[in-house]
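Each chain is listed here by its residues.
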Amino acid sequence: MRMTCEDLTSTGRDNGALSRRRLLQLMGAAATVPVLGSVAGCESPGSTSGGGGGGGGGGGDNLTFVYRGDANQQEAFNKLFAEFNKVEPDIKLRAQGIAADTWGDFSNTVATRIAGGQVPDIIQIATEGQRIFASKDLLEPLEPYMERDQDVVDDYFADIDPNLVEWNTKYASHDGKTYYIPGGYNTVCFWYNTETWAAAGATPPAPDWTWDDFLVAAEQLKAAGVFILPIGSDPFTAIMPWMLTNGGSPLDEDWATPTFDTPQSIESLQFCRDLIANGYAPEPGGAFDAGEALSKGTLAAIAGGRWPVIDMRRLELVDKMAIVPMPQKTGPGSPVGWDAWPITKASEKKDAAWTFIKFMMSKEASEYYASIGGTIVPARLSVANSPAFTDNAPEGTTALSEAISYATPVPSPDRGAEVQTAMINAWDKALSGNESPEAALAQANEELAGLL
Amino acid sequence: MTAGVATPVALGTDSPPRRRARRREALAGWAFLSPALVLFLVFIAGPLAFAIFLSVHSWDLLTPREYVGLENFRRLFSDPLLPKALLNTFLFSLASVVTHVFGGLLLALAVNRPMNRFVSYFTRSAVFFPYLLSWAAVALLWKYVLDPTFGLVAYYLDKIGIDAPNWFVDPAWSLPAIIGIDFWYTIGFTFVIMLAGLQTVPSELVEAARTDGANRWQVFWHVTVPMMSPVLFFAVIITFIGAFQIFDPIQIITGGGPDDATMTIVMFLYQTGFQAFQIGYASAIAILVFVVIMAVTGLQFLVARKWVYER
């Protein structure tokens with residue numbers, strides 16, 4: 001028997017004398033509430049409104065917005081939301097930050113909430129989750145809203161990199177419709193400590209520096225007892241930058257065929273393995289704290305997007321750091337991932353949700369968020385090149401926004417989480433010396449082919 | 001109060017007041033039981049029933065469920081990762097049971113002797129203390145301790161001329177490292193159980209054995225162990241069930257790697273359910289875990305008839 005929401009609430013209104021049978025009935029009902037409620041909601045997702053469930057935002061009269069952010073990021077977001085409420089006092093925004101380690105974990109948490117009947121009105125979704133959320137029929141096509149406010153949309157799209165506009169439908173949509181408004185993005189560049197670099201007598205890296213230049217600096221830093229860079233297996237900051245600067249990529253442009261075992265990929269992995277074997281980078285598998293090592297001068301650099309700026313400010317390293325593109329072998333390369341805002345199909349407050357998205361597209365919101373410590377590169381070029389973004393940030397910060405012109409979207413097919421796991425496992429095996437790069441990547445390539 | 005004449009009551013018939021008293025008593029019994037019963041239904045029976053239901057469905061959390069019959073189980077038993085995950089889990093469980101039972105018993109024997117009260121309490125607290133920490137804290141702590149570059153263990157091994165392995169990256173060492181960390185963390189629990197068990201061994205039996213000329217080993221083997229056997233049995237069961245569900249340190253430290261060397265059955269379940277969004281398939285794995293634990297526990301109860309001494 002399936003109990004409806006009305007049945008569940010009615011049990012609380014019965015205040016007559018309790019017989020044992022009645023007591024047991026109530027206990028049974030009480031026991032069933034969380035099981036059905038938490039696992040399936042009052043309706044199976046997808047059974048109504050094309051996959052939304054009955055949550056309707058899960059926030060009563062509030063407009064709910066779910067985003068990824070740790071405590072620091074939530075603080076910055078909350079200030080932004082307070083600005084929104086100044087402009088739109090009638091819309092009660094209920095923002096929920098999820099402190100997930102990765103975008104994959106964030107997507108999993110959101111999916112679990114949706115399965116539990118908590119469907120937000122707006123979700124901040126990164127590249128990794130955009131196609132899968134759209135393909136599950138959870139999102140509302142945005143064309144009618146965009147046409148309604150064409151001037152706002154035109155103003156926004158005219159001020160963001162054309163790549164971002166193209167990718168927003170090419171990669172984030174399964175049927176050519178527009179489900180998202182792209183927000184900020186992150187690329188990967190080389191953040192180095194200028195003082196540590198100088199103390200080792202290394203030449204500061206130029207914007208077009210090469211892998212060979214990198215090795216020369218690594219040797220000089222090693223002689224000074226300093227690691228040049230931690231080498232890990234995170235697809236965004238560790239795998240893709242080295243593959244892309246060598247003309248490789250984990251998947252083809254359509255995310256349909258793996259290219260993880262090409263000679264370029266193998267050469268990239270071998271290069272990373274050699275950095276560890278030669279003592280230029282710490283051994284993987286421990287608890288190496290890059291932030292602490294950077295401040296102590298035992299590490300010279302990290303690879304990252306905009307997000308390290310928060311830690312750099314906390315560690316008072318902003319003035320000592322500088323940012324340049326990653327060293328290149330065949331040409332410049334960087335992954336790019338962007339967040340985007342869709343309206344859920346189940347939302348009962350779609351107009352209010354669109355009003356909030358319009359606010360997020362505004363130059364004022366973008367500038368304000370950048371100035372209070374946003375961890376992404378603002379989509380608006382005018383903001384990314386303005387003091388709102390470059391003040392209180394390392395020298396060369398604009399390299400992060402310039403990188404979008406040569407960047408490659410982080411592969412995010414439907415089974416993206418498994419694809420990333422396969423990539424990480426292969427990279428780890430070779431980095432640790434447990435397997436040759438050729439064997440590790442060939443095996444992973446086969447696995448990726450199965451997943452795609 | 002006056003003495004009255006007892007009214008004879010025919011067998012099998014209750015007077016109305018007595019029936020009311022019995023009902024009240026039954027109701028009170030249910031009331032006392034209800035918190036545990038509700039918790040059991042909500043957190044154990046309910047999820048188990050739902051997992052069984054989900055195990056015959058295909059569900060990705062986002063779209064409607066689809067009934068697939070036994071397809072998830074067919075797929076599970078042909079999944080190449082299953083034998084690896086089961087082997088790792090059984091190895092971990094076996095190592096955990098053996099080290100905990102022997103280690104816990106030895107520690108308890110060491111402490112359960114006349115000694116300075118301060119030393120006794122300090123030792124007991126020190127052994128039990130790690131168990132009060134969270135798995136997350138313990139896992140991170142050991143990541144530091146076993147760091148291949150800066151870790152304490154690598155430092156001291158280097159002092160004596162030994163190259164420390166890269167514990168969590170080398171497939172040959174990662175599972176033993178997790179076993180060691182688990183031992184450090186949970187031995188306190190087994191130790192407390194063993195100590196409590198030792199203190200229930202009747203001293204007159206020990207004294208009688210000694211009077212009969214038994215040496216220490218004979219007293220331990222012929223008196224202490226038989227008297228402790230129910231406690232040992234309990235420790236074996238509890239440790240096995242806990243070990244078979246090992247997840248936290250693996251998720252935090254190795255993520256099931258390197259090369260699936262620490263991929264346990266629950267880690268496999270987690271990755272299937274919450275990374276690959278295959279909830280039905282993950283539920284089938286959960287049912288398998290349940291069946292294996294039940295079967296092994298049942299087997300232990302059968303074997304226990306041969307070695308557990310019931311007073």
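Worth saying up front: this structure is predicted, and the values here are computed from it rather than measured.

Another point: the overall build of chain A. For chain A, the count of helices and strands is 21 helices and 10 strands. Within chain A, the proportion of its 452 residues that are buried is 50%. Relative to all contacts within chain A whose residues are 6 or more apart in sequence, the contacts with residues 24 or more apart total 76%.

Below, the discussion takes up the packing of helix H1 (residues 16–54) of chain B against helix H12 (residues 279–307) of chain B. Residue and element names in this part refer to chain B. The interhelical angle for the contact between H1 and H12, taken along N-to-C directions, is 120 degrees, at an axis separation of 8 Å. It follows from the interaxial angle that H1 and H12 lie oblique. Our pair here, H1 against H12, has a crossing hand that is left-handed. Contact residues: H1 offers Ala51, Ile52 and Leu54, while H12 offers Ile279, Gly280, Ser283, Ala286 and Ile287. Taken together, the residues that form the contact of H1 with H12 break down as 6 nonpolar, 2 polar and no charged.

In the UniProt entry, the feature "domain: ABC transmembrane type-1" (unreviewed entry) is given for residues 86–300 of chain B. This span, residues 86–300 of chain B, is 75% helix and 0% strand, and a straight line between its end C-alpha atoms measures 19 Å.

The next thing to look at is the UniProt feature "transmembrane region" (unreviewed entry) in chain B. Residue and element names in this part refer to chain B. Those residues carrying the UniProt feature "transmembrane region" (unreviewed entry) are residues 27–54, 85–109, 121–142, 173–198, 219–247 and 279–303 in this numbering. Within the segment residues 27–54, helix and strand shares are 100% and 0% respectively, and the terminal C-alpha atoms sit 35 Å apart. Between the first and last C-alpha atoms of residues 121–142 the distance is 26 Å; the span itself is 73% helix and 0% strand.

This brings us to the domain arrangement of chain B. Residue and element names in this part refer to chain B. Taken as a whole, chain B is organised into domain 1 (22–67) and domain 2 (81–307). Measuring from the centre of the C-alpha atoms in domain 1 to the corresponding centre in domain 2 gives 30 Å. If you look at the interface, domain 1 gives 9 residues, while domain 2 gives 8 residues. Of all the secondary structure elements, the ones that give two or more residues to the side of domain 1 that touches domain 2 are H1 and strand S1 (57–58). The residue makeup of the side of domain 1 that touches domain 2, split by class, is 5 nonpolar, 3 polar and 1 charged.

Attention shifts here to the interface of chain A and chain B. The interface of chain A with chain B comprises 36 residues on the first partner and 37 residues on the second. Mapped by element, the contributors of at least two residues to the side of chain A that touches chain B are helix H2 (20–40), helix H4 (103–115) and helix H20 (416–431) of chain A. Tallied by class, the residues present in the side of chain A that touches chain B amount to 17 nonpolar, 12 polar and 7 charged.

Our focus in this paragraph is the pairing of strand S8 (residues 321–324) of chain A. All names here are of chain A. Going residue by residue along S8, you find Met321 and Ile323 tucked away on one face and Ala322 and Val324 left uncovered on the opposite face. Across 4 bridges, the pairing between strand S6 (residues 189–193) and S8 is antiparallel. Across the sheet, Asn193 pairs through a bridge with Met321, a residue of S8.

By size, the foremost hydrophobic cluster in this structure holds 178 residues, and its most contacted members are Cys189(A), Ile228(A), Ala300(A), Phe356(A), Ile357(A) and Ile285(B). For this core, the element with the highest residue contribution is helix H7 (residues 171–198) of chain B, accounting for 10 residues. Those residues in contact with Phe356(A), other than ones at most four positions away along the chain, are Leu63(A), Phe65(A), Phe84(A), Ile91(A), Leu93(A) and Ile122(A).

Quick look at unusual backbone geometry now. Look at the link from Gly257(B) to Pro258(B): it is a cis peptide, with omega at -10 degrees. Following the sequence through the fold, Pro258(B) ends up in the loop between helix H10 (248–254) and helix H11 (265–274). Although it is not a glycine, Asp137(A) sits at a positive phi angle of roughly 60 degrees. With respect to the helices, strands and loops of the structure, Asp137(A) is situated in the loop between helix H5 (127–135) and helix H6 (143–148). Positive phi outside glycine occurs at Trp255(A), with the angle close to 60 degrees. Within the fold, Trp255(A) resides in the loop between helix H11 (235–244) and helix H12 (263–277).

Next up on the list: the sheet that holds strand S7 (residues 301–304) of chain A. Hydrogen bonds along the backbone pair up the strands of a sheet, which may run parallel or antiparallel. All names here are of chain A. If you trace the 3 strands from one edge of the open sheet to the other, you get S7-S6-S8, paired in antiparallel fashion. Each of the sheet's edge strands pairs with one partner strand only, and the pair in question is S7 and S8. Within this sheet the neighbouring strands show an average axis-to-axis angle of 25 degrees, counted without direction.

On to the sheet that holds strand S3 (residues 122–123) of chain A. All names here are of chain A. The 3 strands are arranged S2-S1-S3 in an open sheet whose pairing can be described as parallel. In this open sheet, the two strands that pair with only one neighbour each are strand S2 (93–98) and S3. Each of strand S1 (63–68) and S2 touches helix H3 (residues 71–87); the most contacted strand, S2, lies at about 165 degrees to it. Set on the sheet, helix H15 (residues 350–361) makes contact with S1, S2 and S3; between it and S1 the angle comes to about 45 degrees.

What follows deals with the environment of Asn246(A). Turning to its location among the elements, Asn246(A) is positioned in the loop between H11 and H12. If sequence neighbours within four positions are ignored, Asn246(A) has contacts with Gln264(A), Glu267(A), Ser268(A), Lys329(A) and Thr330(A).

Here we take up the domain arrangement of chain A. Residues and elements named next belong to chain A. The domain boundaries assigned to chain A delineate domain 1 (63–186 + 337–405) and domain 2 (189–336 + 411–451). Relative to domain 2, the C-alpha centre of domain 1 lies at a distance of 27 Å. Domain 1 puts 27 residues into the contact, and the matching count from domain 2 is 24 residues. Broken down by secondary-structure element, the contributors of at least two residues to the side of domain 1 that touches domain 2 are H5, strand S5 (181–187), strand S9 (335–341) and helix H19 (398–402). For the side of domain 1 that touches domain 2, the per-class residue count stands at 12 nonpolar, 12 polar and 3 charged.

Turning to the packing of helix H8 (residues 203–211) of chain B against helix H9 (residues 216–244) of chain B, a few remarks are in order. Residue and element names in this part refer to chain B. Running from N to C, H8 and H9 point in directions that differ by 155 degrees, and their axes come no closer than 10 Å. Of the possible angle classes, the one that applies to H8 and H9 is roughly antiparallel. Crossing of H8 over H9 shows right-handed handedness. Together, Leu205, Val206, Ala209 and Arg210 of H8 and Gln218, Val219, His222, Val223 and Met227 of H9 make up the contact between the two elements. Its residues assigned to classes, the contact of H8 with H9 shows 6 nonpolar, 2 polar and 1 charged.

Okay, H15(A) next. Look at H15(A): 16 Å from first C-alpha to last across 12 residues, which is about the 16 Å you get at 1.5 Å a residue. Along H15(A), the residues that are buried comprise Ala352(A), Ala353(A), Trp354(A), Phe356(A), Ile357(A), Phe359(A), Met360(A) and Met361(A).

Structurally, the position occupied by Ala238(A) is in helix H11. Residues Ala238(A) and Ser173(A), 65 residues apart in the sequence, show an inter-C-alpha distance of 27 Å.

Reading the values: the criteria
- Residues numbered from 1 in each chain as written.
- Chains lettered and ligands numbered in written order.
- Predicted model: local features only at pLDDT ≥ 70, side-chain atom pairs only at ≥ 80, totals over all residues.
- Helix = DSSP H or I, 4+ residues; strand = E, 2+ residues; numbered from the N terminus.
- Buried ≥ 20, exposed ≤ 12 C-beta atoms within 10 Å, placed from the backbone.
- Contact = placed C-beta atoms within 7 Å.
- Axes fitted to C-alpha atoms, helices over the stretch in contact; angles between N-to-C directions.
- Parallel < 35°, antiparallel > 145°, perpendicular 65-115°, else oblique.
- Left-handed = near helix turned anticlockwise from the far one by under 90°.
- Nonpolar A, V, L, I, M, F, W, Y, C, P; charged D, E, K, R; others polar.
- UniProt positions renumbered as here; feature names shortened; annotations may be inferred.
- Domains from an automatic or database assignment.
- Pairing = 2+ DSSP bridges.
- Core = buried A, V, L, I, M, F, W, Y, C linked by C-beta atoms within 7 Å.
- Expected span 1.5 Å × (residues − 1).

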